[in-house]
Amino acid sequence: MIDQDFQPRIEQFLRRHRLAPTTFGLWAVNDSRFVFDVRNGRACFGNTIRRVYDFMAEYEAKQAAKLRKANVQQ
């Protein structure tokens, strides 16, 4: 499975969450060079793509929960 939207979705995620590429790579796939490698043409398939998308979904869910909790406490 090759996903043509993979890199653009990562870049959008990084901008939206103001996350450094090295941090993203470490948290998502335990590879600080991951985003730089993808930017330079690294091909990613099945399991890696799923891991990254799962990480992004989980991260966004946690951020949304934090925001809801902060709003409730105010």
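Going by the structure above, here's the rest.
Residue positions are given per chain, counted from 1 along the sequence in the order it is written. Totals for whole chains, interfaces and linings use all residues, but because this is a predicted model, local features are given only for residues with pLDDT of at least 70 and pairs of side-chain atoms are given and counted only at 80 or more. Neither water nor hydrogens contribute to the side-chain values; these are computed over all heavy atoms in the structure.

S.K.: When you look at the overall build of the chain in this model, what are you seeing that I'm missing?
M.R.: When you go through the chain residue by residue, the secondary structure sums to four helices and zero strands. Along the chain direction, N to C, the helices and strands of the chain fall in the order α-α-α-α. Taking the principal axes of the C-alpha coordinates as reference, the chain spans close to 45 × 20 × 20 Å. Considering the chain as a whole, with its 74 residues, one finds that 30% of them fall into the buried category. Contacts in the chain between residues at least 24 apart in sequence constitute 57% of all its contacts with a sequence separation of at least 6. Per element, the accessible surface of the chain, about 5200 Å² overall, is 49% carbon and sulfur. Of the side chains in the chain, 13 bear a positive and 8 a negative charge, and the two mean positions are spaced by 7 Å. Helix and strand assignments follow DSSP, with helices taken as H or I runs no shorter than four residues and strands as E runs no shorter than two, numbered in order from the N terminus. Buried means the residue's accessible area, taken with a 1.4 Å probe over protein chains only, is under 20% of the maximum for its type, while exposed means over 50%, and partly exposed covers the values in between. Should any heavy atoms of two residues lie within 4.5 Å, those residues are counted as being in contact. For every accessible area listed, the method is Shrake-Rupley and the probe measures 1.4 Å; residues are considered covered only by the protein chains on display. Charge counting follows a simple rule: Lys and Arg are positive, Asp and Glu are negative, and His as well as the terminal groups are ignored. Where a charge lies is defined by one atom per residue type: Lys uses NZ, Arg uses CZ, Asp uses CG and Glu uses CD.

S.K.: Teacher, can you tell me more about the nonpolar core here?
M.R.: Grouped burial of nonpolar side chains is what soluble globular proteins tend to show. Nonpolar cores are built from buried Ala, Val, Leu, Ile, Met, Phe, Trp, Tyr and Cys residues. Side-chain atoms within 4.5 Å join them into one set. Counting 18 residues, the largest nonpolar core has Phe6, Ile10, Phe24, Phe34 and Val52 as the members making the most contacts within it. Contact partners of Ile10, with chain neighbours within four places excluded, come to Phe24, Phe34, Val35, Val52 and Met56.

S.K.: What exactly am I supposed to notice about the packing of aromatic side chains here?
M.R.: In this description, an aromatic ring pair is defined by two values, namely the gap between the centres and the angle between the planes. Stacked, edge-to-face and tilted labels apply to pairs of Phe, Tyr and Trp rings (six-membered ring for Trp) whose centres lie within 6.5 Å, assigned for plane angles under 30 degrees, over 60, and everything in between, in that order. Within this structure, the stated rule accounts for eight aromatic pairs. Here the aromatic rings of Phe55 and Tyr59 are separated by 5.8 Å at their centres, their planes lie at 40 degrees, and the arrangement is tilted. Of this pair, Phe55 and Tyr59 both sit in helix α4 (residues 46-73), separated by four residues, roughly a single helical turn. The class of Phe55 is buried, set by a relative accessible area of 14%. Take Tyr59: its relative accessible area is 15%, and that puts it in the buried class.

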